[in-house]
Amino acid sequence: MSAVVLALSQWAIPVFLIFAPIYALFKGVDVYNVFCDGAARGLRLLVQILPFLLGMLVAIEVFNASGAMQLALAQLQPICNRFGLPADILPLAVLRSLSGSGALAWCAQIIETNGPDSFIGRLAATMQGSTDTTFYVLTVYFGSVGVLHHRHALVVGLLADLAAFAAAFFLCTLIFK
Amino acid sequence: MVNIIWLLLLLAGFAAAAWQGNIGMVTQAAFAGAAKSVDLIVSLAGVLMLWLGVLALMEASGLLQKLAGLLSPLLRHLFPELPADSPAFSGIVLNFCANLLGLGNAATPFGLQAMQELQQLNPKPDTASDSMITLLLLNTSAITLLPTTVIALRSSAGSANPTEILLLCILSSAFGLLVGLVAHAVLRRR
């Protein structure tokens, strides 16, 4: 199963890249110009996203580097202990929604110190793989169209993250413990 | 909501640094964050432009519309407020497929393309529409058949079976998405 998926994901991009222009050429599209027009649209999008991304990353970086995050996590530690969660897992859960690279670094460190096939190593990997960075996606997607009022987007995004983490913990406990 | 969280993050960071007597940390972190955002945009730029170029070709040749027609019955139920022939579906379909294959970098341009189409239908352009939030959920819950980064991480750490967590990831994401969609369905009526 995973071999098929791996092959599929390796082939998807090359096939796509070749097939799209050839098909367009057969349909009489001015291929090179249309391609460059599309790329130019991408450039405008990037310019539109940057301010939003900058604002969010500055706040997250200040929150994280100042030690405020560690302080907040320390408050949550007793709750963690009550549910039998390993201590290193909570920072990963919080980081996962905030910063993609931060979560990956934390996850890598957990796996390195505890081993990839330890319970906590498997749990960290499952959590890392089961959601994406909600703050990043929110910032980039809404920033690209200039939406300022997000309504309940952040709430449902974080709720989905929380549910995914809970499911990961439940499944890992069920299978690996 | 985002206003409050943004200010709260900054304020908490400021307070924590001041309390530790190391206020210089705030300056450093703020500059580092600012630089990081530009790095991120630059690293995203090439791939994004490439894919939007390819996407423009698919759009002009009618391939995109065909693909969307083929696959959108699956996703249509998630976007009941969109007209069945909405051009947003092609972007949504491609975004979903790229995510499924674990091609996160390729998924973003398609998602942003769909976002632009959704914005055209949005009665209040400065406020997120219901479909936008659904699309967002599809992306943050990241249902993927192949979480490539994590598997690479596990195999480089010498795991006996790096892909054994695959099914767990899929199930956890699916549950997360389900909970998110239910919450969205409840909150959208307000």
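Let us look at the structure shown here. Note that this is a predicted model, so its numbers are computed, not measured. (Residues numbered from 1 in each chain as written. Chains lettered and ligands numbered in written order. Predicted model: local features only at pLDDT ≥ 70, side-chain atom pairs only at ≥ 80, totals over all residues. Heavy atoms only, no water.)

## Some remarks on the overall build of chain A
No. 1: From N to C terminus, chain A includes 8 helices and 0 strands.
No. 2: For chain A, the sequential pattern of α-helices and β-strands runs α-α-α-α-α-α-α-α.
No. 3: Taken against the 2.2 N^0.38 rule, which gives 16 Å for 177 residues, the C-alpha radius of gyration of chain A at 21 Å runs more than 25% over that of a compact globule.
No. 4: With the principal axes as the frame, chain A shows a C-alpha extent of 65 × 40 × 30 Å.
No. 5: Per-residue burial for chain A yields a buried fraction of 50% across its 177 residues.
No. 6: At a minimum sequence separation of 6, the contacts of chain A that also span at least 24 residues come to 65%.
No. 7: Counting every atom, chain A has about 8,100 Å² of accessible surface; 70% of that belongs to carbon and sulfur.
No. 8: Within chain A, one finds 8 positive and 8 negative side-chain charges whose respective centroids are separated by 10 Å. (Helix = DSSP H or I, 4+ residues; strand = E, 2+ residues; numbered from the N terminus. Rg over C-alpha atoms; globule rule 2.2 N^0.38 Å. Buried < 20%, exposed > 50% of the residue type's maximum accessible area, 1.4 Å probe, protein only. Contact = heavy atoms within 4.5 Å. Areas by Shrake-Rupley, 256 points an atom, 1.4 Å probe, with all protein chains shown as cover. Lys, Arg positive; Asp, Glu negative; His and termini not counted. Charge placed at Lys NZ, Arg CZ, Asp CG, Glu CD.)

## What to know about the interface of chain A and chain B
No. 1: Contacts between chain A and chain B engage 93 residues on the former and 100 residues on the latter.
No. 2: Taking both partners together, chain A and chain B bury about 8,200 Å²; carbon and sulfur atoms supply 78% of that area.
No. 3: Considering only the surface of chain A that becomes buried against chain B, A:Leu46, A:Tyr141 and A:Arg151 emerge as the three largest contributors, covering 9% of it.
No. 4: Put simply, chain A and chain B have 5 salt bridges between them. (Buried area = accessible area lost by both parts, 1.4 Å probe. Salt bridge = Lys/Arg side-chain N within 4 Å of Asp/Glu carboxyl O.)

## Let's talk about unusual backbone geometry
Residues and elements named next belong to chain A.
No. 1: With a phi angle near 50°, Arg151 is a residue other than glycine that sits in the positive phi range.
No. 2: The residue Arg151 is located in the loop between helix 7 (134-145) and helix 8 (153-176) in this model.
No. 3: By relative accessible area, Arg151 is classed as partly exposed at 31%.

## Side note on the packing of aromatic side chains
No. 1: Here the structure, examined in full by the defined rule, presents 3 aromatic pairs over all chains.
No. 2: Taken together, a centroid distance of 5.7 Å and an interplanar angle of 35° make the contact between A:Phe19 and A:Tyr23 tilted. Note that A:Phe19 and A:Tyr23 are positioned in helix 1 (residues 2-26) at a spacing of 4 residues, about one turn of the helix.
No. 3: Owing to a relative accessible area of 44%, A:Phe19 belongs among the partly exposed residues under this scheme.
No. 4: A:Tyr23 gets classed as buried once you look at its relative accessible area, which sits at 16%.
No. 5: A ring pair is formed by B:Trp51 and B:Phe110, whose centres lie 5.6 Å apart and whose planes are at 70°; its orientation type is edge-to-face. Pair noted here: B:Trp51 is in helix 2 (residues 24-61) and B:Phe110 is in helix 5 (residues 104-121), with a separation of 59 residues, a long-range link.
No. 6: With relative accessibility at 4%, the residue B:Trp51 sits in the buried group.
No. 7: Over the aromatic face of A:Phe176 sits the side chain of A:Arg122, whose NZ or CZ is 4.1 Å from the ring centroid.
No. 8: Just above the ring of B:Phe89 sits the side chain of B:Arg76; from NZ or CZ to the centre is 5.0 Å. (Phe/Tyr/Trp six-rings, centres within 6.5 Å; stacked < 30°, edge-to-face > 60°. Lys NZ or Arg CZ within 6 Å of the ring centre and 35° of its normal.)

## Overview of the pattern of salt bridges
No. 1: According to the stated counting rule, one finds 8 salt bridges over all chains in the structure shown.
No. 2: A salt bridge links B:Lys36 to A:Glu61, with the nearest nitrogen and oxygen atoms 3.1 Å apart. Note that B:Lys36 is positioned in helix 2 and A:Glu61 in helix 2 (residues 31-65), a pairing that runs across two chains.
No. 3: Judged by relative accessible area, B:Lys36 falls into the partly exposed class, the value being 29%.
No. 4: In this structure, the salt-bridge partner of B:Asp130 is B:Arg188, at a minimum N-O distance of 3.4 Å. Linking B:Asp130 in helix 6 (residues 130-140) with B:Arg188 in the segment after helix 8 (166-187), this pair joins segments that are 58 residues apart in sequence.
No. 5: Within the structure, one salt-bridge network assembled from shared partners comprises A:Asp117, A:Arg122, B:Arg154 and B:Glu164.

## Looking at the packing of helix 6 (residues 119-130) of chain A against helix 8 of chain B
No. 1: Orientation of helix 6 of chain A relative to helix 8 of chain B, taken along the N-to-C sense of each, is 50°, at an axis distance of 8 Å. Put simply, helix 6 of chain A runs oblique to helix 8 of chain B. In the crossing of helix 6 of chain A with helix 8 of chain B, the sense of the turn from one axis to the other is right-handed. Here helix 6 of chain A contributes A:Ala125, A:Thr126, A:Gly129 and A:Ser130 to the contact with helix 8 of chain B, which in turn contributes B:Leu168, B:Cys169, B:Ser172 and B:Ser173.
No. 2: A class-by-class count of the residues in the contact of helix 6 of chain A with helix 8 of chain B yields 3 nonpolar, 5 polar and no charged. (Axes fitted to C-alpha atoms, helices over the stretch in contact; angles between N-to-C directions. Parallel < 35°, antiparallel > 145°, perpendicular 65-115°, else oblique. Left-handed = near helix turned anticlockwise from the far one by under 90°. Nonpolar A, V, L, I, M, F, W, Y, C, P; charged D, E, K, R; others polar.)

## Remarks on the layout of surface pockets
No. 1: Its boundaries defined by the atoms lining it, the largest pocket holds a volume of some 1,100 Å³.
No. 2: Around the largest pocket sit 40 residues that line it, and A:Gly100, A:Asp132, A:Thr133, A:Tyr136 and B:Asn105 are the ones nearest its centre.
No. 3: For the lining of the largest pocket, the elements supplying multiple residues, two or more each, are helix 2, helix 4 (89-98), helix 5 (100-114), helix 6 and helix 7 of chain A together with helix 2, helix 5 and helix 7 (148-156) of chain B.
No. 4: A per-element tally of the lining of the largest pocket places helix 7 of chain A first, with 6 residues.
No. 5: Of the residues contributing to the lining of the largest pocket, the split by class is 19 nonpolar, 18 polar and 3 charged. (1 Å grid on protein atoms, 1.4 Å probe; cavity = no way out; pocket = protein on both sides within 12 Å on 5 of 7 lines; lining within 4 Å. Points joined across faces, edges and corners; volume = space filled by probe spheres on them.)

## Looking at the side chain of A:Ser66
No. 1: Structurally, A:Ser66 can be placed in the loop between helix 2 and helix 3 (68-82).
No. 2: In this structure, A:Ser66 is in contact with B:Ala12, B:Gly13, B:Ala16, B:Ala17, B:Gln20 and B:Met25, ignoring residues within four places of it in sequence.

## Here we look at the environment of A:Phe119
Residues and elements named next belong to chain A.
No. 1: Tracing the chain through its elements places Phe119 in helix 6.
No. 2: With 53 residues separating them in the primary sequence, Phe119 and Cys172 have C-alpha atoms 7.5 Å apart.
No. 3: Apart from the residues within four sequence positions on either side, Phe119 is in contact with Pro86, Phe169, Cys172, Thr173, Phe176 and Lys177.

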